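One letter stands for each residue in the lines below.
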Amino acid sequence: MVRFDSKLLLRQLQEHKSSFGTTVATIKYLHEAGAKITLVSSWEATTSSNILASESLSEYLSSLLQLKVVPTQLTTRQNHSTKQESEILLLENLSHFKEERANCKRFAQLLSSGLDLFVNDAFFESHKSLASTVGISRFGFSCIAGFDFEAGLSQLKNIISACKRPYLAIVGGGNLVDKAAALHLLVSICDGVVFVGDMAFQIMNALGLPVPVKLVEYNAIEEALALVKSMKSKGRGIFLPKDFLCINKLDLATFETFSATCLSDGWQPIDLGPDSLEEFTILLSQFQKILWIGPVKFGSSSTDTGGASKLAAILDRLRRQNNLETIVVGKMACKTLPVSYLTYSMIENASLIWDYLKGKNLPGLMALDRAYPCQIQWDEIYGDPTRLLVVDIGSGNGLFLSKMARKRKDLNFLGLEINGKLVNHCLEDISQLGIKNGYFIRTNATSTFRSIVSSYPGQMTMVSIQCPNPDFNKQEDHRWRMLQRSLVEAIVDLLAPGGKALHLISNEFLGFAKAFNLTAEQLVIPATRVMHEAEWLDENPFGVRSDWEQHVLDRGDKMYRLLLIKSADECLKYWELDGKCLG
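All of the points below concern the structure found in this document. Because the structure is predicted, anything quoted here is derived from the model rather than measured.

**Side note on the pattern of salt bridges**
Side-chain pairing between opposite charges can occur once the charged atoms of the two side chains come close.
Then comes step 1: In this structure the tally under the stated criterion is nine salt bridges.
Then comes step 2: Between Arg320 and Asp316 there is a salt bridge, and its shortest N-O distance comes to 3.6 Å. Highlighted residues: Arg320 and Asp316, both in helix α11 (residues 307-322), separated by four residues, approximately one helical turn.
Then comes step 3: With a relative accessible area of 54%, Arg320 lands in the exposed category.
Then comes step 4: According to the relative accessible area criterion, Asp316 is buried, its value standing at 7%.
Then comes step 5: Between Asp410 and Arg408 there is a salt bridge; the shortest N-O distance is 2.8 Å.

**Section: helix α9 (residues 221-234)**
Then comes step 1: With 14 residues, α9 extends 20 Å from end C-alpha to end C-alpha; this agrees with the ideal 20 Å at 1.5 Å per step.
Then comes step 2: Within α9, the full set of buried residues consists of Ala224, Leu227, Val228, Ser230 and Met231. Seen from one end, α9 has its buried residues packed into an arc of 160°, which puts them on one side. What points out from α9, more than 90 degrees from its buried face, is the exposed set Glu222, Lys229, Lys232 and Ser233.
Then comes step 3: Phi for Gly235, located one or two positions after α9, is positive at around 75°.

**Some details on the packing of helix α7 (residues 176-189) against helix α8 (residues 199-206)**
Geometrically, a packed helix pair is captured by the angle between its two axes and the distance between the axes.
Then comes step 1: Orientation of α7 relative to α8, taken along the N-to-C sense of each, is 80°, at an axis distance of 11 Å. Classified by the angle their axes make, α7 and α8 are roughly perpendicular. Contact residues: Leu176, Lys179 and Leu183 in α7; Met199, Gln202 and Ile203 in α8.
Then comes step 2: Tallied by class, the residues present in the contact of α7 with α8 amount to four nonpolar, one polar and one charged.

**Considering α11**
Helical periodicity: at 3.6 residues per turn, an α-helix aligns residues three or four positions apart in one direction.
Then comes step 1: For α11, spanning 16 residues, the distance from its first C-alpha to its last is 22 Å, which sits close to the expected 22 Å at 1.5 Å a residue.
Then comes step 2: Considered for burial, the residues of α11 that qualify are Gly307, Ala308, Leu311, Ala312, Ile314, Leu315, Asp316 and Leu318.
Then comes step 3: Looking at the buried residues of α11, the elements they touch are β7 (167-171), β12 (267-272), α10 (274-284), β13 (289-293) and β14 (325-329).
Then comes step 4: Once α11 finishes, Asn323 follows within two positions and takes phi at roughly 55°, a positive value.

Criteria and cut-off values
Residues numbered from 1 in each chain as written. Predicted model: local features only at pLDDT ≥ 70, side-chain atom pairs only at ≥ 80, totals over all residues. Heavy atoms only, no water. Salt bridge = Lys/Arg side-chain N within 4 Å of Asp/Glu carboxyl O. Helix = DSSP H or I, 4+ residues; strand = E, 2+ residues; numbered from the N terminus. Buried < 20%, exposed > 50% of the residue type's maximum accessible area, 1.4 Å probe, protein only. Expected span 1.5 Å × (residues − 1). Arc of directions from axis to C-beta. Axes fitted to C-alpha atoms, helices over the stretch in contact; angles between N-to-C directions. Parallel < 35°, antiparallel > 145°, perpendicular 65-115°, else oblique. Contact = heavy atoms within 4.5 Å. Nonpolar A, V, L, I, M, F, W, Y, C, P; charged D, E, K, R; others polar.

Structural data, given as structure tokens:
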């Protein structure tokens, strides 16, 4: 199943483009590899394109791909009797299903019926938790990124890359309080920031310039002051409009330009003034890379006075004259770009970019099995980053790992935990205890384990998985979601020869444990047969119990412990339960 970006496709249909980016390459690649493909997406009824029905869209896709694309319904696609090997199915519009936006588990399971491989090629939906991008990842054999997804991720990374300098950010729109974290990140990266839109008034107010009270956002002064202080301390340039085009509130047909420091009552700023645009022209010519994010206009005015178009023309001219690199973010900004701007990096979905800059995890990205590169300064984390590494997956409150780090100072310990609050507490604890060989990272180990551990300078000697997922008191059909094939294979590949993998299972999982059919040949436990109770370890081989293990024992239940050792010449194999890899 390929989840593609319908917005990109429909826009290019309207502009009579012959392709819709690398999604075509993704579909053709899978088809040529012999995959049976189902395409899925959602498109809104408000779209101005006439191609809103699955039948019309499938016709266009057929001509585009030079392959037969057949529209089908969600509940009948498995019984598509007319489907030929060369055909591709196009599922009905997902926007018709409220379960899609709610990331409904049952709907995601229905969507994944008959699915082996899920390919997400809709990167700019990654900030949403949708059944077709996040929920579906629970059920497929593997969940990976398509070529268009990779291209979108590359655009995202380019925003925070300052390899081409000087780098300037033009920030528009409002709601400074909500975007404060993102703005602080931009300040740390860019050499200067131009504030336009309602954001400009908050910075002017923080600088002590006269601003009408009605233009100041509620509770924004504290964040604005902190932002200005940060920019000054880092030596970043702060640039503001010199004048504004205003509209008369009593006569909406009357416009007048006012100085930024002399705004009159009864007039509402709606756009940049001519002096501001002239000054920005000179300013922008001094930079080699520019990020433009957010609308230039002010307030909720729908009057188009051309300020954004003029700014776009300035950037386009500088692009041709000075080889200026520009990234334009936001639907309103992208609409103003001339045809020649197609060579630029354009991102219509500003919400995704703001979430990324705020440091939020993107659900669509986190749901993938693919491990994206993580940049970790190991020499700053550990006193000696070449020691053997022990990784605890699902480290929880960190008590186990902290005890181990104090007991075995010849090893480095790393806890991987998805709960951010727990990670913060753990980092505070090891800092107070002065532990130099222990650290915690907030992450989804299923998707990032390989990336994190592969960058470690030394070798990984042990991995422990001692946690229920997600709650051992709650029965779930997919409670083993964390132990996916991608994680197990990463452990196998990165574990040093002779290294150990420890898995602890509580009483509730004994039924699952007895069904484990081992397939490896060189493990501590004999292979190719169902495990017997006598083969579980009686004691924790670490000599230190986790709080969860202690809790299970205190309530009178038995703890089942399994230890696997990777041989020097044979990769550690994984077990299967009903065809699904468990660890």
